[in-house]
Every structure is written in C-alpha cells, then in structure tokens.
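Okay, here's what each chain looks like letter by letter:
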Amino acid sequence: MNFECSRDNLHNALVSASKSVGPKSGTDDLSGFVLFRVKRDDANSPVSVLSFNRVSVSQVPVQGVTVPSDQKDGHFTADAHALLQCLQAVPDGEATVAVSNDGKLTSITAGMWTNHLPSRGAELWPFWDDRVAASKEEATLETAPFVEAITRVSLFASKDESHEPHLCAVYCWDGRVVANSKLAYGIAIGPFSGRFIVPSAAIRPLSDFLRTGGDTFTVLKHPNMTTFRRQDGGIFGVFVQQGFQNVTSRPALAVDDPAANSFTASRDQVRRAIDFLFTAAAPTEKFVGFQMDVGQKTVHLSTQLRATSKSHSIPVSVEVTGADQAGRFSKDSFEAVLSVWGDAKITFDLIGSKSTSSERRVLMARVSEPQDAQKTLRYVYLLNGGIQG
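What this report covers is the structure whose coordinates are included nearby. (Residues numbered from 1 in each chain as written. Predicted model: local features only at pLDDT ≥ 70, side-chain atom pairs only at ≥ 80, totals over all residues. Heavy atoms only, no water.)

Before going further, it helps to spend a moment on the packing of aromatic side chains. Counted by the stated rule, this structure contains 19 aromatic pairs. Centroid distance F290 to F329: 5.6 Å. Interplanar angle 5°. Geometry classified as stacked. One end of the pair, F290, is in strand 18 (residues 287–293); the other, F329, is in strand 22 (residues 326–330), with 39 residues separating them in the sequence. Overall, F329 belongs to the buried group, its relative accessible area being 2%. Between the aromatic rings of F334 and F348, the centroid separation amounts to 5.8 Å while the plane-to-plane angle is 45°, which identifies the pairing as tilted. Placement of the pair is F334 in helix 8 (residues 331–338) and F348 in strand 23 (residues 345–354), with a sequence separation of 14 residues. What makes F334 buried here is its relative accessible area of 3%. Note on F348: relative accessible area 2%, which makes it buried. An aromatic cluster is present here, built from F146, F192, F196, F217 and F228 joined pairwise through their rings. (Phe/Tyr/Trp six-rings, centres within 6.5 Å; stacked < 30°, edge-to-face > 60°. Helix = DSSP H or I, 4+ residues; strand = E, 2+ residues; numbered from the N terminus. Buried < 20%, exposed > 50% of the residue type's maximum accessible area, 1.4 Å probe, protein only.)

Extensive coverage of strand 5 (residues 74–79) is indicated by the burial of 5 of its 6 residues. Where strand 2 (residues 33–38) meets strand 5, 6 bridges bridge the pair, whose relative direction is antiparallel. Of the residues in strand 5, the one forming a bridge with L35 is T77. (Pairing = 2+ DSSP bridges.)

This part covers the side chain of T227. With respect to the secondary-structure elements, T227 resides in strand 15 (residues 225–230). Setting aside chain neighbours within four positions, we find T227 in contact with V132, T218, V219, L220, I235, F236 and G237. (Contact = heavy atoms within 4.5 Å.)

Moving on: the sheet that holds strand 2. With antiparallel pairing, the 8 strands of this open sheet are ordered in space as 5-2-3-4-16-15-14-9. Since the sheet does not close on itself, it has two edges, and those belong to strand 5 and strand 9 (136–142), each with one partner. On average, each strand axis in the sheet is tilted by 20° relative to the strand beside it, whichever way the strands run. Bridging between strand 4 (residues 56–61) and strand 16 (residues 235–239) involves 4 bridges; their strand directions are antiparallel. (Axes fitted to C-alpha atoms, helices over the stretch in contact; angles between N-to-C directions.)

This paragraph deals with the sheet that holds strand 7 (residues 105–110). Taken together, the 4 strands give an open sheet; going across it, the order is 1-6-7-8, and neighbouring strands pair in antiparallel fashion. The open sheet has two free edges, formed respectively by strand 1 (2–6) and strand 8 (113–118), since each of these has just one partner strand. Neighbouring strand axes in the sheet, compared pairwise and without regard to direction, differ in orientation by 20° on average. When strand 7 meets strand 8, the two strands line up antiparallel, connected through 6 bridges. Its bridge partner being in strand 8, L105 is matched across the sheet by P118. Relative to the sheet, helix 1 (residues 7–17) contacts strand 1 and strand 6 (96–101), its axis offset from that of strand 1 by approximately 100°. Helix 2 (residues 80–88) rests against strand 6, strand 7 and strand 8 of the sheet, and its axis sits at about 170° to strand 8.

Purely spatial values, then, with no claim about function.
See below:
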C-alpha cells in the first residue's frame, strides 16, 4: 500500500492525530502507533491518520493525497513517535513524501532519502467506527469560546481520581461550562448548548485538536464515547467512563442570587497576602480565614501558624458592603480563582444559608469577573466555605 502527499500536509495531520497517541508501547500495545487508513470513497480524504490512548481517540484526514488508481482500500500502522521525528528530519528542499507499507515495515521516502519504521499488525487496531456511526448529534458550537471556557474552568475540577472520579471533568450543561471539586465551582456562561462531559485528562489535547479545525465543531453522543467533529472531518473521541454515565443532572448554582454582604479587593492584594500568610502557616493548614470590618473598610485574612494553635492575620483594604462577616475558604479555592485574573479588582459576594441536614450555616463566595463588552463569555466562581461563630 502507498500514497503521496506534501510533507507539510502529512506533518500537520500527524501532529493533530498525535493528541491521542499513547506512550511508547509494549509488545502487544498499539497505542504508541498511528494507523493509516486508505478509503478511496471518503468525502474528506482518501487517507486518514488514526490514533488512540486510554482516554481518547482521533482520526484526521490527510489533505492533498495522491493514491494510485489500482490501490485497494486497506490500512497499516507506523510507530507514531519515530514517524514524527522522521518527518521533522526531512530536508527542507523535499516538499513531497511517499508513504508505503510492505506488510512488515512502513517506509517514508523524500527524494533520495528513505527511512524504514516499525509496523505492527493492524488487525489488532481497536476501530471505533461503530460507535461514531451510532452516535447522535448533540450540538454545534463555536470553537474559540468553548476552548477558552473549558481551559479556564478546568482549574476547578477535582484532582482526586480515586475518590471523586465524577468530579475530574468539565461539564457542558444547558448554556454553562462547569467544573468543580467539593470546595469550589468554576462556571463559564456563554453560547453553549447540549449536555456532555469532557474528562480532565482530555481537556488539553481536545483544545489543541479543535483549534486547528475551523470556527465551529459538532458534538456527537454515544453511551460510551463523546465525539467532537471538526469542519475538515477530523474527529476526537473521548471515552465516557463508568463514573460519568449515571450523571444526568447538575445542581442548581447560586450564580445570580442577591448578596447582602460583599467586599471588593485588588487581585494582587489578595494574592500577596495569601502568599505571605502561608510562608509561616502550619504544613497541614489548608484554609484561609477572613474577618470583615465594615467600619474600617478592611478584611483580615488569616491562617494558623506553624507549630502553634495561634493564628496570624493580614489586613487588606477593600470596598465593603453589608454587615461584618467572618468565615473561611480553602486555600486551593482562592488559588484557583486568583490564577485566572490579571491585575483587576474582584468582588466576593458572601451568600449564607443553612444546611438542610442541620443548623450549621454554610457560606458561598461568588466571584464575578468584570464584564468586557467585547467578550461573549461571562465567568463566575463559587467557593464553598463555612461561617465562623
């Protein structure tokens, strides 16, 4: 089997498909390989590059391909890492490459230059065509706002795969993109539709894949896989793990509830105060306490000192409304919120409520990013905490 195309077109397809390539594989594992599939009646291209790993799969058409008229449909594999290195080493003067396979080796030829790469039996390849064919179209979305949203809110997803696997993901749900741990929510509100899930491990490769595929993309849903199809026909499939399959709804979030108490502070002021506090904090300290002083227009941020039961606090000048309020939030929650700002003022709206299971009061801080008239997205961050006293 063989075909010809420009070096750049082949390299671009391989780079895009490599987002789903696994690590260098063992004897019986093909996840470190790519598969070239020749399918002459494919509307996007007669040749596609396929790859997979434990989280995702991808299929990318190679543009501008020439296939011999007597070439039959078929497929063969090549070591993905070696193939990319091989293409990068092709001399600059060689614009066209020929790819062939004799059943044992895959060969790349550019002018007088030829390299032979490992190839394994394609009969072991885990094709996913049936899942894609059985998928139902869920939504068509704009690429740029979606990629921005999942990248930013994924900072709030849980990192604990052993105990909170269903929270190690980003959810697109009824006009919102949401990620959360037990301590905080990151929410993007924008031009989104449909209901689907992207595991945290797939956020970066999916974002890279979509950026190179046009202004819009289509989401297809299958019980075991969610597929993202680019305008050029390239697809990126994400496996739906057992822990996600039973998630059919998302909790109501207090995005627009009125707040009786709030304070506004410079992002850099809060950042410096927390950094300073934790240089002397106890190693086990995971929370930041706060005490509002409306009269002094100040919020005191505090932590427990190392090797002592005493606490240490730092005053931060703020714009404050409402009554004095005290509470605490996790340090990780603050870190996630502060990591997404420039040097801007941010407002913490303190929303108190009573637990349904007891009289213990809980507290939520809503942090809203200043609106830019040119932006289509609105971000809100919710921090779960406790009211002191």
